[in-house]
Amino acid sequence: MALRLPTQLATPGKFHHHHHHHSKTSVSWKRTIAPDAAHFSPLSSSTSTGRCNVGPPRVVMCTAEAETVGVVNLAPGTPVRPTSILVVGATGTLGRQVVRRALDEGYEVRCLVRPRPAPADFLRDWGAIVVNADLSKPETIPATLVGIHTIIDCATGRPEEPIRKVDWEGKVALIQCAKAMGIQKYVFFSIHNCDKHPEVPLMEIKYCTEKFLQDSGLNHIIIRLCGFMQGLIGQYAVPILEEKSVWGTDAATRIAYMDTQDIARLTFIGLRNEEINGKLLTFAGPRAWTTQEVITLCERLAGQDANVTTVPVSVLRLTRQVTRFFEWTNDVADRLTFAEVLTSDIVFSAPMNETYKLLGVDVKDVVTLEKYLQDYFTNILKKLKDLKAQSKQTDIYF
């Protein structure tokens, strides 16, 4: 699937705002974890509370602080250009498309990137400015926001790290810093139906972050996404071409995948439209697809059958229940929870007519999955044919 799998259980709670007269803002997130999963309830529109079955009742305090000491307030006399944006999560599947689109449209792009062994040189090559910071280290955030008008938040924690550290505590710190430093607009990418699945850690935290952003007073846009077409390449297209196993389930889940280039394009249209401010939008592709339909389409375009291994949803449920007995398997269980939701009989899609009308976009200009995969297979098969031709030509000379 195109969505990132969760890595650590986290449940929502009430947001407590503490206002101090000194130059430091603090927010704590309090939740009660109850032992009975039957009492676990979705978040309401007016609060951010919830329970889940992870052990004996206990109270957990999650805090994030944004230091503003020494930060210069640019608001009184130093105007910030509306074209100055910071992209968080710029090296990801969606983030890199947001960066490319922004540069193509003339924005001054700064990318917040964690220090890494392999530098994000491709972002610099495109013309973006790369600054090193880490959402899990709040003290590194303020300096990246100086002179920035708009933050576009595409970030999600890596699979190997605790989800709460980046996706909750890091985002709280980022939003606090944005508020303290007078950021003019904050664009946050969330997950469709995140408010309906509190049992899934990543979706739960996305919804909490939506609420926190809405309560922050920042001018914002929240965009919920269903799935990325790009994610289907590694999951289905490549294994079929390489004659490897393709994993699927027996569920009839339907997902309206969207090309991340279209998501980036529509995002910047919304960014320039003042009527979009404060709104929560859902971006969905033209059609919702089942796993089997995607596999069949890939088989037709590749000209060969897939070696499909089907995993029943009942097995996922049983495996999740078993792994819950062991504390060291919580990460595995959380991933299976997400997988189970994405492979249940639900539809990850939303009507787009009103959104297209609001953005002034023609549905004909949005790439369909058929067109996206056809272009991919056409290009990759042509390259394979060229490589085979070169190989044969080499054999003649040698």
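Everything here concerns the structure above.
Residues numbered from 1 in each chain as written. Predicted model: local features only at pLDDT ≥ 70, side-chain atom pairs only at ≥ 80, totals over all residues. Heavy atoms only, no water.

Caption draft 1: Summary view of the overall build of the protein chain. Looking only at helices and strands, one finds 12 helices and 14 strands in the protein chain. The buried share among the 398 residues of the protein chain stands at 49%. When the accessible surface of the protein chain is totalled, it reaches about 19,300 Å², and 52% of it is carbon and sulfur. (Helix = DSSP H or I, 4+ residues; strand = E, 2+ residues; numbered from the N terminus. Buried < 20%, exposed > 50% of the residue type's maximum accessible area, 1.4 Å probe, protein only. Areas by Shrake-Rupley, 256 points an atom, 1.4 Å probe, with all protein chains shown as cover.)

Caption draft 2: View of the packing of helix 1 (residues 93-104) against helix 7 (residues 260-271). Viewed as axis vectors pointing N to C, helix 1 and helix 7 meet at an angle of 50°, and their least axial separation amounts to 8 Å. Comparing the axis directions of helix 1 and helix 7 gives the class oblique. Seen from above, helix 1 lies across helix 7 with right-handed handedness. Contact residues: helix 1 offers T93, L94, Q97, V98, R101 and A102, while helix 7 offers T260, Q261, I263, A264, R265 and F268. Tallied by class, the residues present in the contact of helix 1 with helix 7 amount to 6 nonpolar, 4 polar and 2 charged. (Axes fitted to C-alpha atoms, helices over the stretch in contact; angles between N-to-C directions. Parallel < 35°, antiparallel > 145°, perpendicular 65-115°, else oblique. Left-handed = near helix turned anticlockwise from the far one by under 90°. Contact = heavy atoms within 4.5 Å. Nonpolar A, V, L, I, M, F, W, Y, C, P; charged D, E, K, R; others polar.)

Caption draft 3: Local environment of the side chain of T260. You can see T260 is positioned in helix 7. One polar contact links T260 to Q230, side chain to side chain, over a distance of 3.0 Å. With residues up to four places along the chain from it excluded, the contact list for T260 reads T93, L94, Q97, F228 and Q230. (Polar contact = N/O pair within 3.5 Å; in protein donor to acceptor, adjacent residues only side chain to side chain.)

Caption draft 4: Representation of the environment of T378 in the model. Within the element layout of this structure, T378 appears in helix 12 (residues 369-397). Exposure remark for T378: the relative accessible area of 47% places this residue in the partly exposed category. Distance in space between the C-alpha atoms of T378 and A302 is 8.6 Å, their sequence separation being 76 residues.

Caption draft 5: Expanded view of the sheet that holds strand 7 (residues 150-153). Spatially, the 7 strands line up as an open sheet ordered 6-5-4-7-8-9-12, and their pairing is parallel. The open sheet has two edge strands with one neighbour each: strand 6 (129-132) and strand 12 (280-283). Strand-to-strand twist of the sheet, defined as the mean angle between neighbouring strand axes without regard to direction, takes the value 20°. Bridge count between strand 7 and strand 8 (residues 185-191): 4 bridges; the pairing is parallel. Bridging from a neighbouring strand, I152 pairs with V187 of strand 8. Packed onto the sheet, helix 4 (residues 163-180) meets strand 4 (84-88), strand 7 and strand 8 and runs at close to 160° relative to strand 8. (Pairing = 2+ DSSP bridges.)

Caption draft 6: Examining the nonpolar core more closely. Grouped together as the largest cluster of nonpolar side chains are 100 residues, with contacts concentrated most on V109, I151, F189 and F283. Ranked by residues supplied to this core, first place goes to helix 4 with 9 residues. Apart from residues no more than four positions distant in its own chain, F189 is found in contact with L94, V98, I152, D153, C154, K206, I223, L225, I263 and T267. (Core = buried A, V, L, I, M, F, W, Y, C linked by side-chain atoms within 4.5 Å.)

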